[in-house]
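A look at the structure
So the chains spell out like this:
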Amino acid sequence: MKTIKIQFVDMPMEFDVNDNFILTMLRKHYEVELTENPDFLFYSFGGLEFLKKQDCVRIYVGGEPIIPNFNDCDYAFGYVTDLSFADRYLSIPEFLAGGNGYDICKGIEDRRAVNNQMLNRKFCNFVYSNRKGVGAQLREALCKKLMQYKKVDCPGRVLHNIDNVLAPRYTASKDAKYAPASVDGESNAEGLAVLDDSWHVDKRRFLRQYKFTIAFENVALEGFTSEKLYDPIHACSIPIYWGNPKVTERFNKDAFINCNDYDNDIDKVVRRVIELDQDDEAYMHMLRQNPVTDKLDYHGADRLEEYLVHIIEKGKILVRNQDATDAWPHISLNAAYIWRQNGWDPLVEQHIVTPPASYQKERTVGGLISAELTRKQRLKEAWKIGFPNSFLLAKKIYNKLR
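What you see as residue numbers is a count from 1 along each chain, following the sequence as written. Residue-level local features of this predicted model are given only where pLDDT is at least 70; pairs of side-chain atoms are given and counted only at 80 or more, and the full residue set underlies all totals for whole chains, interfaces and linings. Values shown for side chains rest on all heavy atoms present in the structure; no hydrogens or waters enter the calculation.

Attention shifts here to unusual backbone geometry. Although it is not a glycine, Asp 10 adopts a positive phi angle of roughly 55°. Secondary structure follows DSSP: runs of H or I at least 4 residues long count as helices, runs of E at least 2 residues long count as strands, and numbering of each begins at the N terminus. Take Asp 10: it is sitting in the loop between strand S1 (3-9) and helix H1 (21-26). With a 1.4 Å probe rolled over the protein chains alone, any residue whose accessible area is under 20% of its type maximum counts as buried; one over 50% counts as exposed, and the rest are partly exposed. Classification of Asp 10 by relative accessible area gives buried; the value is 3%.

Shown next, in the form of structure tokens:
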């Protein structure tokens, strides 16, 4: 078998660099050597370490609501469905929604478990542990309004009101690379390690006890539908969904409550939930619907495996715009996502590339070093560098994150 040299950097915390779906696929076709001097570099949204690796083929691994910058990478696969870049991009939103290769689509159409006894279940649940993003603010507001009608069980850290009913998704680990901020914005003392995929099964067991599940994404991005919608569908709990504006392309509009149908007006959504809760016939009609459309992709794993082999066989042909990659200030939507979610300014704090003299004037504000350009100006200038041929698309997608 042909030997290939690869490396993983900037990956999300649930990604095991020594045992993951990419390695499993590649090892069917190649002898794989993990090394810090790779021919093929896989990176994701977890940082800017990838910029230090120039002389290799860079492959962006999607997993959050962001678009790859093709001046940073040679190839990419991700959630975004309306992006076309010849053989340099593969859209596999269903496959990525499972996380680390988990088949989240398997059995999703099966409604055989639906029966009238489900009318006797508890009212609604809310399973969240962070408050970042517009969606996080909206779902908390919705939950509080629904609580004025009936109790909503909240086993997560946000609005927590019920204990020991759901297995943890993460466990504390001193050796873990990531230590995400807590729900209140304070850093964890230890890192977090991710448990195995049995978490999905236990979560669905919990959701099955409820007539409704609040299923809000953190941000609304076309093509991005996470496990937040898949899991309640599997559990036969009607999702109250906010997020992907094009969610009904793959999910049946009659099988869930879509906030888009109510102009994202929380009060209107609350009224609809109450209507269904008080109308058994209407509730069961919605619950029995086939939850997906014929556009749902059950073959993402096969398509990704073929794509990875295509990249490897094409070989070391760098197609990045090196001038754009080395320019300063450097930013991609990868860095923009980090900046938006955490309040960082990668143009100042991530000194990956030395800025030219024209940008080296700095001033101190509140003890922090800041370039003279405002953040908005820096982001605009960086977009011009990172997206010379797709500024409007980048702007459109970034606005979806706001």
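We place a 1 Å grid over just the protein atoms. Points where a 1.4 Å probe fits but has no way out form a cavity, open points with protein on both sides within 12 Å along at least 5 of 7 lines form a pocket, and any residue with an atom within 4 Å of a point lines it. Grid points are joined across faces, edges and corners, and a volume is the space filled by probe spheres set on the points. As enumerated under the stated definition, the model contains 7 cavities of 30 Å³ or more in all. By volume, the largest cavity is sized at about 90 Å³. In this structure, the largest cavity is lined by Thr 81, Pro 93, Glu 94, Gly 223, Thr 225, Tyr 230, Asn 244, Lys 246, Val 247, Glu 249, Arg 250 and Phe 251. Residue classes follow a fixed rule: Ala, Val, Leu, Ile, Met, Phe, Trp, Tyr, Cys and Pro count as nonpolar, while Asp, Glu, Lys and Arg count as charged, and any other residue, Gly among them, counts as polar. Of the residues assigned to the lining of the largest cavity, the class counts are 4 nonpolar, 4 polar and 4 charged. There is about 60 Å³ of room inside the second largest cavity. Considering the residues around the second largest cavity, the lining is formed by Arg 111, Pro 232, Ile 233, Cys 236, Ser 237, Ile 238, Pro 239, Ala 255, Met 286, Leu 287, Gln 289 and Pro 291. Residue classes in the lining of the second largest cavity are distributed as 9 nonpolar, 2 polar and 1 charged.

This next bit is on the packing of helix H3 (residues 134-147) against helix H6 (residues 266-278). It is at 10 Å that the axes of H3 and H6 come closest, and there the two elements cross at 45°. The angle between the axes of H3 and H6 places the two elements in the oblique class. The handedness of the crossing between H3 and H6 is right-handed. From H3, Leu 138, Leu 142, Lys 145 and Leu 146 reach across to H6, where they touch Ile 266, Asp 267, Val 269, Val 270 and Val 273. The residue inventory of the contact of H3 with H6, partitioned by class, reads 7 nonpolar, no polar and 2 charged. Interaxial angle, 0 to 180 degrees, is taken between N-to-C directions of lines fitted to C-alpha atoms, where a helix line uses only the stretch in contact. Roughly parallel means an angle under 35 degrees; roughly antiparallel, over 145; roughly perpendicular, 65 to 115; everything else is oblique. Left-handed describes a crossing in which the near helix is turned anticlockwise from the far one by less than a right angle; the clockwise case is right-handed. Note on contacts: a residue pair qualifies if any of its non-hydrogen atoms lie within 4.5 Å across the two residues.

Turning to the pattern of salt bridges, a few remarks are in order. By convention in these notes, a salt bridge is any Lys or Arg side-chain nitrogen within 4 Å of a carboxyl oxygen on Asp or Glu. What the rule picks out here adds up to 22 salt bridges. The closest approach of N and O atoms between Lys 145 and Asp 267, which form a salt bridge, is 3.1 Å. Of the two residues, Lys 145 is situated in helix H3 and Asp 267 in helix H6; the sequence distance between them amounts to 122 residues. Overall, the relative accessible area of 33% leaves Lys 145 in the partly exposed class. Residues Arg 204 and Asp 231 are paired through a salt bridge, measuring 3.1 Å at the closest nitrogen-oxygen approach. With Arg 204 in helix H4 (residues 198-207) and Asp 231 in helix H5 (residues 227-234), this pair connects stretches of sequence that are 27 residues apart. Accessibility expressed as a relative area gives 14% for Arg 204, which makes it buried.

Within the open sheet, the 5 strands sit side by side as S8-S7-S11-S12-S13. Their pairing is parallel. The outermost strands of the open sheet, each flanked by one partner alone, are strand S8 (152-153) and strand S13 (257-258). Of the strands in this sheet, strand S7 (122-125), S8, strand S11 (210-216) and strand S12 (238-242) touch H3, which is tilted by about 150° from S11. Each of S11, S12 and S13 touches helix H7 (residues 280-287); the most contacted strand, S12, lies at about 75° to it. Strands qualify as paired when DSSP identifies two bridges or more between them.

Further remarks concern the pairing of S1. Consecutive residues of a regular strand have side chains that alternate between opposite faces of the sheet. Of all 7 residues making up S1, 5 are buried, and the element is well covered by its neighbours. Bridge count for S1 against strand S2 (residues 31-34) is 4 bridges, and the pairing is parallel. Along S2, the bridge assignment pairs Ile 4 with Val 32. Call a crossover right-handed when, viewed with both strands pointing away from you, the route from the first strand across the helix to the second goes clockwise. Handedness of the crossover joining S1 and S2 through H1: right-handed. As defined by bridge partners, S1 adjoins strand S3 (residues 40-43) across 4 bridges and the pair is classed as parallel. What sits directly across from Ile 6, in S3, is Phe 40.

On to the packing of H6 against H7. Their axes nearest at 5 Å, the elements H6 and H7 cross at an angle of 105°. Taken together, H6 and H7 sit at an angle that is classed as roughly perpendicular. Across the interface between the two elements, Arg 272, Leu 276, Asp 277 and Gln 278 from H6 touch Asp 280, Ala 282, Tyr 283 and Met 286 from H7. Of the residues in the contact of H6 with H7, the class split is 4 nonpolar, 1 polar and 3 charged.

By the secondary structure assignment, Glu 140 is in helix H3. Assessed through its relative accessible area of 12%, Glu 140 is described here as buried. Identification of polar contacts relies on pairs of N or O atoms within 3.5 Å, with a donor-acceptor requirement for protein atoms, meaning one able to donate a hydrogen and the other able to accept it, and with residues adjacent in sequence counted only if both atoms are side-chain atoms. Only 3.0 Å separates the side chain of Glu 140 from the side chain of Arg 131, close enough to count as a polar contact.

By definition, the strands of a sheet pair up through backbone hydrogen bonds, in either a parallel or an antiparallel sense. With parallel pairing, the 6 strands of this open sheet are ordered in space as S2-S1-S3-S4-S5-S6. The open sheet has two free edges, formed respectively by S2 and strand S6 (89-91), since each of these has just one partner strand. Each neighbouring strand pair of the sheet contributes to a mean axis angle of 20°, computed without reference to strand direction. Set on the sheet, helix H8 (residues 300-314) makes contact with S1, S3, strand S4 (57-61), strand S5 (75-78) and S6; between it and S5 the angle comes to about 170°.

So, about the environment of Ile 311. Its place among the elements puts Ile 311 in helix H8. Not counting residues up to four positions away in its chain, the partners in contact with Ile 311 are Phe 40, Val 57, Ile 59 and Tyr 75.

The next thing to look at is the packing of aromatic side chains. Only rings of Phe, Tyr and Trp enter the pairing, Trp through its six-membered ring, and a pair is recorded when the two centres are within 6.5 Å. The plane angle decides the type: under 30 degrees is stacked, over 60 is edge-to-face, the rest tilted. Scanning all chains against the criterion turns up 18 aromatic pairs. Judged by centre distance (6.3 Å) and plane angle (90°), the rings of Phe 70 and Tyr 89 are edge-to-face. Taken together, the residues span a long stretch of sequence, with Phe 70 in the loop between S4 and S5 and Tyr 89 in strand S6 at a distance of 19 residues. Take Phe 70 and Tyr 89: they sit in the same class, and that class is buried. Note on Phe 206 and Tyr 210: the rings are 5.1 Å apart at their centroids and 55° apart in plane angle, and the pair reads as tilted. The class of Tyr 210 is buried, set by a relative accessible area of 1%. Taken together, the aromatic side chains of Phe 8, Phe 15, Phe 21, Phe 42 and Phe 95 make up a single cluster linked through ring pairs. Working rule: Lys NZ or Arg CZ, within 6 Å of ring centre, within 35 degrees of ring normal, means a charge sits over the ring. The ring of Phe 85 carries the charged tip of Arg 88 above its face, separated from the ring centre by 4.7 Å. Note that Lys 211 overlies the ring of Tyr 283, its terminal NZ or CZ placed 4.8 Å from the centroid.

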